[in-house]
Structures are given as structure tokens and as C-alpha cells.
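Fold and contact review
Listed below are the residues making up each chain.
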Amino acid sequence: MLAPKPKDWIMAIAPYIPGRSSVDGGAKAVKLSSNENALGTSPKAIAAFAAHSTDLARYPDASATELREAIAAKYDLEPERIIYGTGSDEILHLIAGAYAGQGDEVIHVRYGFAVYEIATRRVGALPVIARDKDYATDVDAILACMTSKTRVVFIANPNNPTGTFTSRAEIARLHANLPNRVMLVIDQAYAEFLDAEDDDGALDLARTAPNVIVTRTFSKIHGLAAERIGWGYGSAEAIAAMHRIRAPFCCTIAGQAAAIAAVQDDAWVEKTREHNRVWRAWFAEEIGKLSAASLRVVPSEANFVLVLFEGALSAEAAYTQLMERGYIVRWLPGQGLANGLRITIGTEDETRGVAAALRDIVAGV
Ligand SMILES: *Cc1c(COP(=O)(O)O)cnc(C)c1O
């Protein structure tokens, strides 16, 4: 029977697979698959959210004015140059929508965030994949992918799913070698987990360069993944273009209130960063002790680590056996990482638990 036919480039998209949140059989499990805040949400953000629990009849502030002002005050930015969306995922789609279309090319790294490819294909553009340098972003490889058709370059820093960090000097070199007509998107979903001295300079670049957009999210260190709020910072022209195609009322009233409280709660962010720093180092060291079984950790600056399985124990077998022990981690064969598991740094108990489970699984091989 004849039926409406979706566009070819839409059907070329491999659907996004979210991290699992339960194990087969429904037993209670520790979820270390989506890089959420191990300590949860700032109590101040929860209180701000709760204060609006009955504000349901009216549309939210479509301009997110107070939220933009709070973000601007925190990072010393111009509020009118901040865009907001249903998670930073929406911002990534807006950028692709504003700057790329059929016949255009969009570059991202081989082991990168899955949304870049989806956002690219959605607008009919072609993803071009830059090879990695031992799982890290390789600026020279990205530059080698440039053609006259390139419109956008997406990079995450730190990168997901590898956790690797690209230095300020390398980001500057990448930008310096891109033509002005190419939009460089620096996705800083995990930037708040970096030590202060590791600022990659992306926001500074975006202050003056018309071809740089930085994206951030409230889903990771701010512990508001359920509310779906992200933001971006770019030139006035870029922001104006994105406003034309964004969803008008993207962020809820309670969500905006919670995000304002979260971005102002420096103590909660600091506590989370410190927790993550300590337990990420501890976890990496524990995995290091399993090197005889050819397990290896990719150096991470984020709130997760990519563990590579390069010996008799496969990542898939470890994934299944961790699940049986109640730990849900992320196996990413769809992203070319059939040999790796991405594991979010959880609470102390969760981190100790998943390390012990892995030790146990390795011992059983
Ligand atoms: C989690 C994540 C995001 C954003 O998620 P939202 O919840 O949509 O804000 C963006 N980029 C990367 C690399 C991520 O890991």
C-alpha cells in the first residue's frame, strides 16, 4: 500500500540508544550508564523546583530571562548571547539546523557523542568522521577532513564517551586553522568537572570569534537531567538564527527555577567535582591493577571512564556479568567501541562495588 515516505536521510539515522536504567527481571540496580551526578541534585535546586510545583497552568517565560541572567552572571557573559533549549541536545540540533543542510558536511570525531551524527543527518547533511589519536581528539585529523563543503565541526571537551581532554592550546590551534565560514561547536557538557587550571578557553574564544558556539548542560554536574535544560553561547547573529527554529517554550517554570538555583550553588558543584576527582582517580587505579588481564583505562577528565578490554575478557562479557551483579554500565558497540565499557563515577559505595565486581569477573575468566 502507498504510504508517505520519510526522507532518505532520516531513515539513514541509527536511533539513539539511551543508557539502560534497569536490569532484566527488574531487580534493583546501580545505574552507572548515563553520567548523571552521583550525589544527586543540589538541595537548593530541589527547593526552588518544589516552590513551583503548582505553577502548571501558565506557559513558562519563553525568553528564560532570569535563567539567562543567572548564567551570564556566573560566567561573565552577555545574557542576550545565551540560547537555551530542551537539554543541550536541542542546542546541537539548532546549530545543525541553522548552519547545515543537504550537500553540506559536518565533522565529528570517531568516538564522539552520538547526537552529532543524528543532528547532522536530520538536516540532510553528511557526517564526516575524524580519526582519533589513542581515543583522544586529534586536531590534525579534524583539519584533514575539511573540504569546501564543511559547515560545522562538533567536538566535546572533555569528550564523551572517551573522557579525554583537549588542551586550550589545541583548541586554539583548531580554531586558528578553520576558515571563518565553518562553525566550531565546543560541547562543554562536562566542563564543570575539570580542575580550574584546565579551562579549554572555549568561552573566551566564543566571546570574540563569530564562528564559535559553546554548549553547556544542567544534566550532568548540576544534577537536573530530568528537567532537560541546556544552553549555548555564541555571537548575536548565531543566537538570532537559532531562536528562529527553537521550540518556543522549551524550559518549564519549575525547571528554570531549579536551574537558576543550581548555577548559583557553587558549593554543590565544588562538592561534586571533588567527589568525582577522588573516586575517578581511585577507580582508575583499581582498573590499573587489572592490567594483567588487559584492562586499561583511557585517561578521563569527566565523571566517567572508558575501560578498554584488550584481552581474553571481552567488554560484552563484562557488561553482561556486571548487569547480573546489579551494575548497569554503557557498552557502545554502535559507536565503534565494542571493546569498551563507559562507567560513570558513582557514590563511594557504587564505585567500590563496581570495581569489586570487575575484579571478581576478571578472576573468573
Ligand atoms: C550528556 C551530554 C550532553 C547533553 O545532554 P542534555 O541532557 O541534552 O543537556 C551533551 N553533550 C555531551 C557530550 C553529553 O555527554
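Residues numbered from 1 in each chain as written. Predicted model: local features only at pLDDT ≥ 70, side-chain atom pairs only at ≥ 80, totals over all residues. Heavy atoms only, no water.

This part covers the environment of I253. Mapped onto the fold, I253 is located in helix α10 (residues 253-264). For the pair I253 and R58, spaced 195 residues apart in sequence, the C-alpha to C-alpha distance is 8.7 Å. (Helix = DSSP H or I, 4+ residues; strand = E, 2+ residues; numbered from the N terminus.)

Now for the domain arrangement of the chain. Many structure descriptions define interface size as the accessible area lost when the parts assemble. Assigned domains of the chain: these are domain 1 (15-40 + 267-363) and domain 2 (43-264). The straight-line distance from the C-alpha centre of domain 1 to that of domain 2 is 25 Å. Residue-level contacts link 28 residues of domain 1 with 31 residues of domain 2. Summed over both partners, the interface of domain 1 with domain 2 buries about 2300 Å², with 61% contributed by carbon and sulfur atoms. Area buried by domain 1 at its contact with domain 2 is led by Y16, E301 and Q335, which between them contribute 26% of it. Connecting domain 1 to domain 2 are 1 salt bridge. For the salt bridge of R296 with D134, the shortest nitrogen-to-oxygen distance reads 3.4 Å. Across the domain 1-domain 2 interface, the total number found is 9 residue pairs in polar contact (both at pLDDT 80 or more). For the side of domain 1 that touches domain 2, the elements supplying multiple residues, two or more each, are α11 (266-288), β10 (304-309) and β13 (337-344). Considering each element in turn, the side of domain 1 that touches domain 2 owes the most residues, 6 residues, to α11. (Domains from an automatic or database assignment. Contact = heavy atoms within 4.5 Å. Buried area = accessible area lost by both parts, 1.4 Å probe. Salt bridge = Lys/Arg side-chain N within 4 Å of Asp/Glu carboxyl O. Polar contact = N/O pair within 3.5 Å; in protein donor to acceptor, adjacent residues only side chain to side chain.)

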